[in-house]
Amino acid sequence: MVRSKKCPASGIKLAPPVQHATVMTVERRENDPKLWYSIKVKPIARQPYTISRRYEDFAHFSQQLHEAFPTPNARSTGPRIPKLAHKRLQLLPNQQKKHRVDELNGFLRDLFVLPPSIAQSLPVLEFFGLQREDRLRKSLLLQDSTISSTSSIHPLAISPTTSSTLSTLSIQSSTSQYQPIVFFPSPSTSPTLRLIKIKVIYDRDNIIVIQVPRNASLADLRARILQKFCDLDLPKDFTLLFNDTRSSASSNTSAESSFSVDSSTAILITREADLAHAQSSLWVRLDKVTLRCIA
């Protein structure tokens, strides 16, 4: 895997590995003459989310990719980065929108058939990550949704009650008694049950915490760790070590003594099968685990 040595740009939450992305709608915003394209991003192991970009953002992104992965010559048989036209369109507004949407979707379609070394590279994860504008817009939409839903249920009063095993939503109208509606959380619907926190220790000065799906592959886990440890020159096939007698809550001793390779309880994770075994048997009842990164 080709990995950029640069760290993620400030203020950007990197995207997880992306399966595909599609331009869904076009909009104009107040006090902004530019068109904004709403993009539905489908990660490989997470729920879809939406970001917004302008055409000039796509153009800059395309330029970044061509600079990061230049094609040696016209006769090269290697992967080719898709290009954008960069032309001013002499079309009616609605025709221009449709043309741009088709062009951008073609660009995205060609991008995600490229090898992962390109399609999941740092420029791609930055572009499809949540930028400040995306987070602000998401917050505003949630506020609008909350206000709308609150006004639509008036004059009903909602009283939520929770316990360790179930959540009860009680609704009282002006003419009826409380009638509880019970929802039982399950691993297929509860986000907290599908994710696990992993603390990764490289040395005393380099410790990170990430949250990943419980069924994440070793390749995806390594990719997330490499993103966080972007200033370290780690090999792409580094080894992870798990000590099944300790949890991430214990931190009174040094990483070297706590996760010694000589320990009888240490488990090395070097293959997909090693990680799958840990996920299915050792980590099932754990909310978080600690791993040692061995270069």
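The chain is annotated in an unreviewed UniProt entry as PX domain-containing protein of Syncephalastrum racemosum.

Draft legend 1. Here's a closer look at the packing of aromatic side chains. According to the stated counting rule, one finds nine aromatic pairs in the structure shown. Aromatic side chains F61 and F107 sit 6.0 Å apart centroid to centroid with 80° between the ring planes, which places their arrangement in the edge-to-face category. Here F61 is found in helix α1 (residues 55–68), whereas its partner F107 is found in helix α2 (residues 93–111), with 46 residues between them in sequence. Judged by relative accessible area, which is 0%, F61 ranks as buried. Note on F112 and F128: the rings are 5.4 Å apart at their centroids and 55° apart in plane angle, and the pair reads as tilted. With F112 in the loop between α2 and α3 (116–119) and F128 in the loop between α4 (122–127) and α5 (132–153), this residue pair connects regions lying 16 residues apart in the sequence. The exposure class assigned to F112 is buried, which follows from its relative accessible area of 14%. Since its relative accessible area comes to 0%, F128 is described here as buried. Of note, R100 hangs over the ring of Y55, and the distance from its end group to the ring centre comes to 3.8 Å. Over the face of the ring belonging to F238 we find R222, whose NZ or CZ atom lies 5.8 Å from the ring centre.

Draft legend 2. Expanded view of the nonpolar core. The biggest cluster of nonpolar side chains holds 33 residues, and the ones touching the most others in it are I39, F58 and F128. Where this core is concerned, the elements lending two or more residues are β1 (18–29), β2 (32–43), β3 (49–54), α1, α2, α3 and α4. In terms of residues, this core owes the most to one element, α2, which gives five residues. Apart from the residues within four sequence positions on either side, F58 is in contact with V23, I39, R53, L84, L104, F107, L108 and F127. In terms of nonpolar packing, the next biggest core, distinct from the first, is built from 24 residues, A216, L221, L234 and V289 among them.

Draft legend 3. Summary view of empty space enclosed by the protein. Following the criterion strictly, the structure yields two cavities of 30 Å³ or more and no others. Approximately 120 Å³ is the volume attributed to the largest cavity. Forming the boundary of the largest cavity are P16, P17, P43, I44, A45, R46, V212, P213, A216, D220, L221 and R224. Listing elements by their share of the lining of the largest cavity, those giving two or more residues are β8 (206–213) and α7 (218–228). The leading source of residues in the lining of the largest cavity is α7, at three residues. Of the residues belonging to the lining of the largest cavity, the class tally is nine nonpolar, no polar and three charged. Mapping the lining of the largest cavity onto the domain boundaries places at least three of its residues in each of domain 1 (18–70 + 80–142) and domain 2 (195–246 + 263–294). Size it by volume and the second largest cavity reaches roughly 70 Å³. Around the second largest cavity sit I196, I198, V212, P213, R214, A216, L221, L275, Q279 and W283, which together line it. Among the secondary structure elements, those contributing two or more residues to the lining of the second largest cavity are β7 (195–203), β8 and α9 (272–282).

Draft legend 4. Looking closely at the confidence of the model for the chain. Per-residue confidence for the chain gives a mean pLDDT of 75; residues scoring 70 or more make up 66%. Between residues 153–192, whose pLDDT stays under 50, and residues either more than four places distant or in other chains, the model counts 47 contacts. Taken together, the stretch residues 246–263 has pLDDT below 50 and engages in 26 contacts with residues farther than four places along the chain or on a different chain.

Draft legend 5. Broad picture of the pattern of salt bridges. Going through the model one piece at a time under the given rule, you end up with nine salt bridges. Among the salt bridges present, the one from D134 reaches R53, with a minimum N-O distance of 2.8 Å. With D134 in helix α5 and R53 in strand β3, the pair connects residues that are 81 residues apart, well separated along the chain. Comparing D134 with R53 shows no difference in burial state: the two are buried. Between E103 and R100 there is a salt bridge, with the nearest N and O atoms lying 3.1 Å from each other. You can see E103 and its partner R100 sitting in helix α2, three residues apart, about one turn around the helix. Here the two residues E103 and R100 agree in accessibility, since each one is buried. Salt bridges here are not isolated pairs; linked through shared partners, they connect K34, R54, E56 and D57.

How each quantity is defined
Residues numbered from 1 in each chain as written. Predicted model: local features only at pLDDT ≥ 70, side-chain atom pairs only at ≥ 80, totals over all residues. Heavy atoms only, no water. Phe/Tyr/Trp six-rings, centres within 6.5 Å; stacked < 30°, edge-to-face > 60°. Helix = DSSP H or I, 4+ residues; strand = E, 2+ residues; numbered from the N terminus. Buried < 20%, exposed > 50% of the residue type's maximum accessible area, 1.4 Å probe, protein only. Lys NZ or Arg CZ within 6 Å of the ring centre and 35° of its normal. Core = buried A, V, L, I, M, F, W, Y, C linked by side-chain atoms within 4.5 Å. Contact = heavy atoms within 4.5 Å. 1 Å grid on protein atoms, 1.4 Å probe; cavity = no way out; pocket = protein on both sides within 12 Å on 5 of 7 lines; lining within 4 Å. Points joined across faces, edges and corners; volume = space filled by probe spheres on them. Nonpolar A, V, L, I, M, F, W, Y, C, P; charged D, E, K, R; others polar. Domains from an automatic or database assignment. pLDDT = per-residue confidence, 0-100. Salt bridge = Lys/Arg side-chain N within 4 Å of Asp/Glu carboxyl O.

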